[in-house]
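What follows is the residue order along each chain.
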Amino acid sequence: DDDLELLRFGAMLHDIGKIGVAESALEDTDRISEGQIFYRMHPLIGRSILQPITFLAPVLPVVVSHHEYWDGSGFPQGLKGEEIPRLARIVAVVDRYERLVNPGFTSDHDPMTPREALDTIMGESGHRFDPQIVSVFSWMQTHADKPVKKTAEEDAAPAVVPASDSSEDGKPAE
């Protein structure tokens, strides 16, 4: 599917513009500082880097819009709601989750557990993130350990043999 391919490239390239921003600006958490102004330019720098690569043109909306907030308070364009490209809205949620559980060297917080990160994102739903995307992301996170069934027959059959139906060696009881 073309959207999945665009999502994959968008997720990989969304922060490429950070290579044009000084490391000190990436570490700056003050909302009105000079460093924060340069940080807020990284989506546009990313577009400038990728624009000459014609086959990546469909990814540019993800690169430019991944910091736009559902309520319109994001950057760089102040897009709101459905104005924000859908794939950028997905990348924004996944990127936030990744940064919460794996904060890296520039973060001012310790890693969160997956549950804490999900709760944080759910708390930002409707403000920072598209509520529908957060809902789907939450469902996927809470069902990640369950196998996806592909047919009605598989849906009717248990994915694994329940422990009560198996012998001590793990084989189905006869």
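See the structure shown above.
Positions within a chain are numbered from 1, following the residues in the order the chain's sequence is written. Reporting of local features is limited, given that this is a predicted model, to residues whose pLDDT is at least 70; pairs of side-chain atoms are given and counted only at 80 or more, and all residues count toward the totals for whole chains, interfaces and linings. The side-chain numbers reported here are obtained from all heavy atoms of the structure, hydrogens and water having been left aside.

Engineer: What am I meant to see in the packing of aromatic side chains here?
Structural biologist: Aromatic rings considered in pairs are described by the distance between their centres and by the relative angle of their planes. Working definition: a ring pair exists when centres of Phe, Tyr or Trp rings (six-membered ring for Trp) sit within 6.5 Å. Plane angles under 30 degrees give stacked, over 60 give edge-to-face, the rest tilted. A complete count under the given rule lists 3 aromatic pairs for this structure. Ring centres 5.3 Å apart and planes at 70° place the aromatic pair Tyr97 and Phe137 in the edge-to-face group. Placement of Tyr97 in helix H6 (residues 86-101) and of Phe137 in helix H8 (residues 131-142) is noted, with a sequence separation of 40 residues between them. Accessibility expressed as a relative area gives 9% for Phe137, which makes it buried. Counting from the N terminus, the helices are the DSSP runs of H or I reaching at least four residues and the strands are the DSSP runs of E reaching at least two. Between buried and exposed lies partly exposed: a residue is buried under 20% and exposed over 50% of the maximum accessible area for its type, with that area taken using a 1.4 Å probe on protein chains only.

Engineer: Sorry, what's going on with the nonpolar core here?
Structural biologist: Burial of nonpolar side chains together is a common tendency in soluble globular proteins. By convention a nonpolar core is built from buried Ala, Val, Leu, Ile, Met, Phe, Trp, Tyr and Cys residues, the set being connected through side-chain atoms within 4.5 Å. With 12 residues, the main nonpolar core is built from Ala92, Val93, Tyr97, Leu100, Val101, Ala117, Leu118, Ile121, Phe129, Ile133, Val134 and Phe137. Put simply, the parts of the chain that give this core at least two residues each are H6, helix H7 (114-123) and H8. A total of 5 residues in this core trace back to one element, the largest contributor, which is H6. Grouped together as the second largest cluster of nonpolar side chains are 6 residues, Leu13, Leu50, Leu56 and Val63 included.

Engineer: How should I be thinking about the packing of H6 against H7 in this particular structure?
Structural biologist: Packed helices, taken two at a time, are described by their axes: the angle between them and the distance between them. Fitting a line to C-alpha atoms yields each axis, with helices limited to the stretch in contact; the angle taken between N-to-C directions then spans 0 to 180 degrees. Relative orientation of the contacting elements H6 and H7 amounts to 140°, with a least axis distance of 9 Å. Comparing their axes, H7 and H6 come out oblique. For H6 against H7, the interelement crossing comes out right-handed. In contact with Val93, Arg96, Tyr97, Leu100 and Val101 of H6, H7 contributes Pro114, Ala117, Leu118, Thr120 and Ile121. When residues are sorted by character, Ala, Val, Leu, Ile, Met, Phe, Trp, Tyr, Cys and Pro go into the nonpolar class, Asp, Glu, Lys and Arg into the charged class, and all the rest, Gly among them, into the polar class. Its residues placed into classes, the contact of H6 with H7 shows 8 nonpolar, 1 polar and 1 charged. Comment on the angle field: the value is read as roughly parallel under 35 degrees, roughly antiparallel over 145, roughly perpendicular from 65 to 115, and oblique elsewhere. Each crossing gets its handedness from the near helix: less than a right angle anticlockwise from the far helix is left-handed, clockwise is right-handed. Contacts are assigned to residue pairs with any non-hydrogen atoms lying within 4.5 Å of each other.

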